[in-house]
Amino acid sequence: MENTNTNASRESDFIIDVSDLQEVQINYGSQTFVDNPSNSRSRTETPISRNEWRIGQKYCKKLSLSENQINLLDRLAFNNNVFNEIDFCRVQILKQFLRMLDYFDRDCKPVNRAYATVLDELTEIIIVLEYNYRRESLNYKYTFESIQSEILNHLLKLCENNVREVYAIKRKINADFKYTKPEITDKYNKKIVLKADVFLEINKHQVLDADHRTNIILNETTTNRWKDKYEYIVSDYSSSVSFEREIERLAEVNRKNPSLDTIYYEASKFISTYDKNASLRLYFHYLEIDLNSSKFDRKQLTKSIQKNLFSTSEQFEDFENIVNEFILNKNLKIAFESLNKIYLPKRKKLVIDRSEIDRVQKLDLETSQKLGDLLADENEVPDVQVSDLIPQDDDNIQFNVTKPIEAGVSSKYLHCLNLNDTQQEVLDYFEKNGMNILQSDFEDFMRTKQLFVSATLESINDTLYDVLDDVLIEEDEDYFIINNEYFKKLLNND
């Protein structure tokens, strides 16, 4: 029941007070509180303790609020949640809210009127359509203030969703307006919501980036928030060094995020096509977090990534050994030092085989002995027989050995002719037979010498052709003959 004062000037003609209780003034906020002299004492004594829960009072210094702004914000109330309970986020919401009201007053006011009159008109429409209170009634005044606070709090929700969007928080709070009659929503959306949307879209850049502490809290509660930043880092990739540095920064503000290991794992996969060492380091960061988690998953790198990282089975075996050692000692520094050696050229380890050395030394000794024997044999003059050098079964090959002319031994033929013994012996045989010999006799002679007739005659003629300019031995029917004058030219005249 509503209390009324029968002596008050705002006397209602349709509400009769039958309680006989004294009228209790409804408190609409700080303004009403200040205007009531009876409350001046209590306000002076404990102003902070009585009002510290009010938003305007709480943030008056931090936001350097004017008195009007304090009163305005005191009419607001957050529906507390994880996001707006973060002080940095709450400050950004309130700043956006105050900027939006300035925008309304500056750019959206009707001609020759203040923008506050728009709120008043909407409020009156809502009262008429929803409550039908008389303008002079106390209920009207109370409801008027209440609806205006509802409108302001609805704008505050729009601002919170705007800040959430800037901070990549995909979950939005419910910002439905309380009153749903089309006569109300049409006017409200046209005069308030559409203008608010325009402002928030254009001016969302005025929301400051979340600070380090705020990002840690947001990432802890919104575990997929890192994905937007990660996609930006990937799309902006320029080098493995900057990529690894940005991933470290992303991981730092996600250190309380249960998805931190996934960040390193995905980063390791991405960078594998650009920098093998960086990929392995990021994978070991993933392993470190995975080992310290409640459940050790140990995600394996895919086969395609392994092909990118390891060109030899030896490199992969080294990697597996380092992983196994890291699981035991959990020493990231030692693991990184080992990873740096995977791609270095491998030098073959020298292994001394003592038995092989002994075997080679034995062979060397045997070889030295054989060479010594061969050298000893070379000092002996071999007794070479011409008949030994003539293959018995070959009719086309003949070896002639020319004995060196011994010093002091005179020769019948000129030395410059270089006749061998066989040639000299054949010529002697012709001289003995008067320079004419039956071919049959000559063949018999040559057979006794184990020589071929035609080959021997050709060798003699070829040797002496340059000297005589003619052949020396010719055929004449059944004979072989030598020109006597030619023969004389061959003799040594001494």
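The structure contained in this document is the topic of the report that follows. All of these numbers come straight from a predicted model, not from anything done at the bench.

1. Topic: the sheet that holds strand 2 (residues 473-476)
Taken in spatial order, the three strands line up as 1-3-2 in an open sheet, and their pairing is antiparallel. Edge strands, defined here as strands with exactly one partner in the open sheet, are strand 1 (436-438) and strand 2. Here the average twist between neighbouring strands, direction ignored, is 25 degrees.

2. Quick look at the side chain of Q439
Tracing the sequence through the fold places Q439 in helix 21 (residues 439-448). For Q439, a relative accessible area of 18% gives the class buried. Ignoring sequence-local partners within four residues, the contact set of Q439 consists of E475, E477, D478, Y479 and F480.

3. Re the pattern of salt bridges
Applying the stated criterion to the full structure yields 21 salt bridges. Between R255 and E252 there is a salt bridge, and its shortest N-O distance comes to 2.2 Å. Through salt bridges with shared partners, a single ionic network connects E165, E201 and K204.

4. Remarks on empty space enclosed by the protein
Scanning all chains against the criterion turns up two cavities of 30 Å³ or more. What lines the largest cavity is simply Y283, R298, Q300, L301, Q306, F316, F319, E320 and V323. The dominant element in the lining of the largest cavity, judged by the number of residues it contributes, is helix 16 (residues 313-329), at four residues. Along the lines of polarity and charge, the residues of the lining of the largest cavity split into five nonpolar, two polar and two charged. Every residue lining the second largest cavity is listed: I322, E325, F326, N329, N331, I334, A335 and S338.

5. Considerations on the packing of helix 14 (residues 276-291) against helix 17 (residues 332-339)
At their nearest, the axes of helix 14 and helix 17 sit 10 Å apart, and the two run at 155 degrees to each other. Classified by the angle their axes make, helix 14 and helix 17 are roughly antiparallel. In terms of crossing hand, the pair formed by helix 14 and helix 17 is right-handed. Counting all contacts with helix 14, which are made through N277, L280, R281, F284, H285 and E288, the residues of helix 17 involved are L332, A335, F336 and L339.

6. Examining the packing of aromatic side chains
Tallied over the entire structure, the rule returns 29 aromatic pairs. With a centroid separation of 5.8 Å and an interplanar angle of 65 degrees, the aromatic rings of W226 and Y230 are classed as edge-to-face. Taken together, the positions of W226 and Y230, both in helix 11 (residues 226-235) and four residues apart, correspond to about one turn of that helix. Grouping residues by exposure puts W226 and Y230 together as buried. Ring centres 3.9 Å apart and planes at 5 degrees place the aromatic pair Y429 and F445 in the stacked group. Within this pair, whereas Y429 is found in helix 20 (residues 421-432), its partner F445 is found in helix 21, the two being separated by 16 residues in sequence. Since its relative accessible area comes to 14%, F445 is described here as buried. Aromatic rings pair up to connect Y265, Y283, F284, Y286, F310, F316, F319 and F326 into one cluster.

7. A closer look at the environment of L301
Summarising the element assignment, L301 is placed in the loop between helix 14 and helix 15 (303-309). With 33 residues separating them in the primary sequence, L301 and S268 have C-alpha atoms 8.8 Å apart. Among residues more than four places away in sequence, those in contact with L301 are Y265, S268, Y283, Q306, L309 and F319.

8. Regarding the nonpolar core
Counting 54 residues, the largest nonpolar core has L73, L94, F97, M100, F104, L155 and Y167 as its most contacted members. Elements with a minimum of two residues in this core: helix 5 (67-74), helix 6 (87-107), helix 7 (116-131), helix 8 (138-166) and helix 9 (182-203). When residues in this core are grouped by element, the largest group, 11 residues, is from helix 6. Grouped together as the second largest cluster of nonpolar side chains are 36 residues, F284, L287, F326 and L332 included.

9. Some remarks on the packing of helix 5 against helix 6
In the contact formed by helix 5 and helix 6, the axes pass within 12 Å of each other and the chain directions differ by 115 degrees. In terms of axis orientation, helix 5 runs roughly perpendicular to helix 6. Every pair of crossing elements has a handedness; the one defined by helix 5 and helix 6 is right-handed. Contact with helix 5, carried on its side by Q69, L72 and L73, involves L94, F97, L98 and L101 of helix 6 and no other residues of that element. Looking at the contact of helix 5 with helix 6 residue by residue, the classes come out as six nonpolar, one polar and no charged.

10. Details of unusual backbone geometry
Positive phi, close to 50 degrees, is recorded for R298, a residue that is not glycine. Residues other than glycine seldom take positive phi values, yet Q450 does so here, at roughly 60 degrees. Mapped onto the elements, Q450 comes out in the loop between helix 21 and helix 22 (453-468). Classification of Q450 by relative accessible area gives exposed; the value is 52%.

11. Describing a negative patch on the surface
Taken together, the side chains of E474, D476, E477 and D478 make up a negatively charged region of the molecular surface. Locating E477 in the fold gives a position in the loop between strand 2 and strand 3 (479-482).

12. Thoughts on the pairing of strand 2
For strand 2 and strand 3, the ladder comprises four bridges, and the chain directions are antiparallel. Paired with I473 across the two strands is I482, which belongs to strand 3. Linking two consecutive strands that pair antiparallel, namely strand 2 and strand 3, is a turn of two residues; a positive phi of about 55 degrees is found at E477 within it.

13. Side note on the pairing of strand 3
Of the two faces of strand 3, the one holding F480 and I482 is buried and the one holding Y479 and I481 is not buried anywhere. Two strands pair when backbone bridges link them, and strand 1 and strand 3 are joined in this way by three bridges, in the antiparallel orientation. Note on strand 3: the bridge partner recorded for I437 is F480.

Scoring rules and cut-offs
Residues numbered from 1 in each chain as written. Predicted model: local features only at pLDDT ≥ 70, side-chain atom pairs only at ≥ 80, totals over all residues. Heavy atoms only, no water. Pairing = 2+ DSSP bridges. Helix = DSSP H or I, 4+ residues; strand = E, 2+ residues; numbered from the N terminus. Axes fitted to C-alpha atoms, helices over the stretch in contact; angles between N-to-C directions. Buried < 20%, exposed > 50% of the residue type's maximum accessible area, 1.4 Å probe, protein only. Contact = heavy atoms within 4.5 Å. Salt bridge = Lys/Arg side-chain N within 4 Å of Asp/Glu carboxyl O. 1 Å grid on protein atoms, 1.4 Å probe; cavity = no way out; pocket = protein on both sides within 12 Å on 5 of 7 lines; lining within 4 Å. Points joined across faces, edges and corners; volume = space filled by probe spheres on them. Nonpolar A, V, L, I, M, F, W, Y, C, P; charged D, E, K, R; others polar. Parallel < 35°, antiparallel > 145°, perpendicular 65-115°, else oblique. Left-handed = near helix turned anticlockwise from the far one by under 90°. Phe/Tyr/Trp six-rings, centres within 6.5 Å; stacked < 30°, edge-to-face > 60°. Core = buried A, V, L, I, M, F, W, Y, C linked by side-chain atoms within 4.5 Å. Patch = residues over 30% accessible without salt bridge, like charges linked within 9 Å, V, L, I, M, F, W, Y side chains within 5 Å. Areas by Shrake-Rupley, 256 points an atom, 1.4 Å probe, with all protein chains shown as cover. Lys, Arg positive; Asp, Glu negative; His and termini not counted. Charge placed at Lys NZ, Arg CZ, Asp CG, Glu CD.

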